[in-house]
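Summary of structural features
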Amino acid sequence: MSDNGRPSDDGLIRQVDEEVRRDRMTTLMRRYGPMAVVAAVIVVVVAASVVGWRAWQTSQRIEAGNAYAQALGLIGAGRLDEAAQAMQDIAAAAPAGYAALARLQGAAVRAEAGDPGAASALFAAVADDRAADPQLRQFAALMVAQHGFDQLPDDVLRARLDPLAADDSIWRFSARELLAHMALRQGDSARGRDLLAALASDPASPDGVRARARDMLSALGGPQ
């Protein structure tokens with residue numbers, strides 16, 4: 001502070017630096033917040049193929065598989081409203097495996113159509129369904145947090161993410177990334193930095209997660 005009560009040149013420089021860092025962090029969080037719609041579709045499609053193969057001898061499941069394939073075709077053609085309705089119809093009538101997959105895919109379609117609130121609610125229905133496959137439930141819980149990140153209370157997000165962040169969870173890297181974003185949003189920069197630094201330095205982290213963590217650390221002015 002200068003003698004006349006106004007910020008010194010050094011103080012102004014620090015303020016500008018902080019504003020630049022804050023703007024960069026906000027931009028990165030907006031860019032990386034809705035992260036894995038495409039990845040979600042890929043995971044679900046692969047899982048659908050496995051379910052279809054195992055159930056090939058059951059005519060009811062073959063019928064459901066054909067309907068599911070047609071609904072995926074609607075997605076590929078960009079006919080998202082029709083695809084969402086088709087997935088809803090499959091979820092209501094298909095055997096359990098395809099029903100869960102259709103619910104997940106329908107939620108992904110809602111996210112791709114720009115309705116994260118509806119997507120999060122649909123993912124939550126699978127995450128909370130005790131009859132669904134545990135791995136699908138875990139995936140759905142991650143998607144609830146991802147697509148509901150800007151709408152859901154932090155305690156709800158944490159309840160979804162903390163179990164997925166455990167060392168033995170296959171979703172731990174994505175869950176920890178979202179927890180880091182949440183910590184930064186809450187103003188807990190120390191925890192946010194720690195989580196990001198761990199992701200950036202862990203050779204087991206997926207390349208995309210590691211790169212985003214480094215970008216965020218750079219925006220925060222921390223080590224990369």
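Note: the structure precedes this text.
Sequence order sets the numbering: in each chain, residues are counted from 1 along the sequence as written. Under the rules for a predicted model, residues below a pLDDT of 70 receive no local features and side-chain atom pairs below 80 are neither given nor counted, while totals for whole chains, interfaces and linings still include all residues. Water and hydrogen atoms play no part in the side-chain values, which are based on all heavy atoms of the structure.

**What about the overall build of the protein chain?**
Only runs of H or I of at least four residues qualify as helices and only runs of E of at least two qualify as strands under DSSP, and these elements are numbered from the N terminus. The helix and strand inventory of the protein chain stands at eleven helices and zero strands. Listing the helices and strands of the protein chain from first to last along the sequence gives α-α-α-α-α-α-α-α-α-α-α. Each residue's exposure class comes from its accessible area (1.4 Å probe, protein chains only) as a fraction of the maximum for that residue type: buried when under 20%, exposed when over 50%, partly exposed otherwise. When burial is assessed residue by residue, the protein chain has 41% of its 224 residues classed as buried. For the protein chain, restricting intrachain contacts to residue pairs at least 6 apart in sequence, the fraction spanning at least 24 positions comes to 53%. Under the convention used here, a 1.4 Å probe and the Shrake-Rupley method define accessible areas, while residue burial counts only the protein chains that appear. When the accessible surface of the protein chain is totalled, it reaches about 12200 Å², and 52% of it is carbon and sulfur. Residue contacts are defined here by distance: any two heavy atoms, one from each residue, within 4.5 Å place the two residues in contact.

**With respect to the packing of aromatic side chains**
Think of a pair of aromatic rings as described by two things: how far the centres are apart, and how the planes are tilted against each other in angle. Any two of the Phe, Tyr and Trp rings considered here, Trp counted by its six-membered ring, make a pair once their centres fall within 6.5 Å; the pair's planes then place it as stacked at under 30 degrees, edge-to-face at over 60, or tilted in between. The final tally for this structure, using the stated rule, is one aromatic pair. Here Phe139 and Trp171 contribute two aromatic rings whose centre-to-centre distance is 5.3 Å and whose plane-to-plane angle is 50°, an arrangement assigned as tilted. Of the two residues, Phe139 is situated in helix 7 (residues 134-147) and Trp171 in the loop between helix 8 (154-164) and helix 9 (172-185); the sequence distance between them amounts to 32 residues. Trp171 shares its class with Phe139; the two are buried. Charges are assigned to positions over rings by a cutoff of 6 Å between ring centre and Lys NZ or Arg CZ, combined with an angular limit of 35 degrees from the ring normal. Stacked on the ring of Phe149, the Lys or Arg Arg185 has its end atom at 4.2 Å from the ring centre.

**A look at the pattern of salt bridges**
By salt bridge we mean one thing: a side-chain nitrogen of Lys or Arg within 4 Å of a carboxyl oxygen of Asp or Glu. If you walk through the whole model with that rule in mind, you get eight salt bridges. Between Arg185 and Asp150 there is a salt bridge; the shortest N-O distance is 3.8 Å. With Arg185 in helix 9 and Asp150 in the loop between helix 7 and helix 8, this residue pair connects regions lying 35 residues apart in the sequence.

**Here we look at the packing of helix 10 (residues 189-201) against helix 11 (residues 207-220)**
Here helix 10 crosses helix 11 at 135°, and the two axes come no closer than 8 Å. Considering their axes alone, helix 10 and helix 11 lie oblique with respect to each other. In this structure, helix 10 crosses over helix 11, and the sense of that crossing is left-handed. Contacts between helix 10 and helix 11 involve Arg193, Leu196, Ala197, Leu199 and Ala200 on the former and, on the latter, Val209, Arg210, Ala213, Arg214, Met216, Leu217 and Leu220. Where helices are involved, their axes are fitted lines through C-alpha atoms of the stretch in contact, as for all axes, and angles between N-to-C directions lie from 0 to 180°. Each angle gets one of four labels, with under 35 degrees taken as roughly parallel, over 145 as roughly antiparallel, 65 to 115 as roughly perpendicular, and the rest as oblique. Handedness of a crossing is defined here by the sense of rotation of the near helix relative to the far one, left-handed for an anticlockwise turn of less than a right angle and right-handed for a clockwise turn.

**Digging into the nonpolar core**
The nonpolar side chains of a soluble globular protein tend to be buried, and buried together. In this structure, Phe123 and Leu196 are the most contacted members of the largest nonpolar core, which totals 56 residues. Considering each element in turn, this core owes the most residues, nine residues, to helix 5 (residues 96-112). Not counting the four nearest positions on each side in its chain, Leu196 is found in contact with Ala180, Leu184, Ala213, Met216, Leu217 and Leu220. For this analysis, a nonpolar core means a set of buried residues of the types Ala, Val, Leu, Ile, Met, Phe, Trp, Tyr and Cys, connected via side-chain atoms within 4.5 Å.

**Some words on the environment of Ser201**
Within the element layout of this structure, Ser201 appears in helix 10. Linking Ser201 and Arg214, residues 13 residues apart in sequence, is a C-alpha distance of 8.9 Å. Polar contact is the term for a pair of N or O atoms within 3.5 Å; when the atoms are in protein, one must be able to donate a hydrogen and the other to accept it, and sequence-neighboring residues count only if both atoms are side-chain atoms. Polar contacts involving the side chain of Ser201 include one to the main-chain carbonyl oxygen of Ala197, which spans 2.9 Å. Side-chain polar atoms of Ser201 contact the backbone oxygen of Ala198, separated by 3.4 Å.

**A look at helix 8**
Within the sequence span of helix 8, burial applies to Leu157, Arg160, Leu161 and Leu164. Projected onto a plane normal to the axis of helix 8, the buried residues spread over an arc of 85° and lie on a single side. Exposed residues lying more than 90 degrees from the buried face of helix 8 are Asp155, Ala159 and Pro163. On its buried face, helix 8 sits against helix 6 (116-127), helix 7 and helix 9. The reported arc concerns the directions from the helix axis to the C-beta atoms and nothing else.

**Details of helix 11**
A helix is expected to reach a length of 1.5 Å times the quantity of its residues less one. The end-to-end C-alpha separation of helix 11 is 20 Å, in line with the 20 Å expected for 14 residues at 1.5 Å each. Inspection of helix 11 places Val209, Arg210, Arg212, Ala213, Met216, Leu217, Ala219 and Leu220 among the buried residues, and these make up the whole buried set. Immediately downstream of helix 11, the backbone of Gly221 shows phi near 80°, a positive value.

**A few points about the side chain of Arg176**
By the element assignment, Arg176 lies in helix 9. On the accessibility criterion, Arg176 (19% relative accessible area) is buried. Those residues in contact with Arg176 that lie beyond four places of it in its chain are Ala165, Ala166, Asp167, Leu195 and Leu199.

**Side note on the environment of Leu122**
Secondary-structure assignment places Leu122 in helix 6. Separated by 22 residues in the primary sequence, Leu122 and Val144 place their C-alpha atoms 8.2 Å from one another. With sequence-adjacent residues up to four places away left out, Leu122 is seen in contact with Gly106, Ala107 and Arg110.

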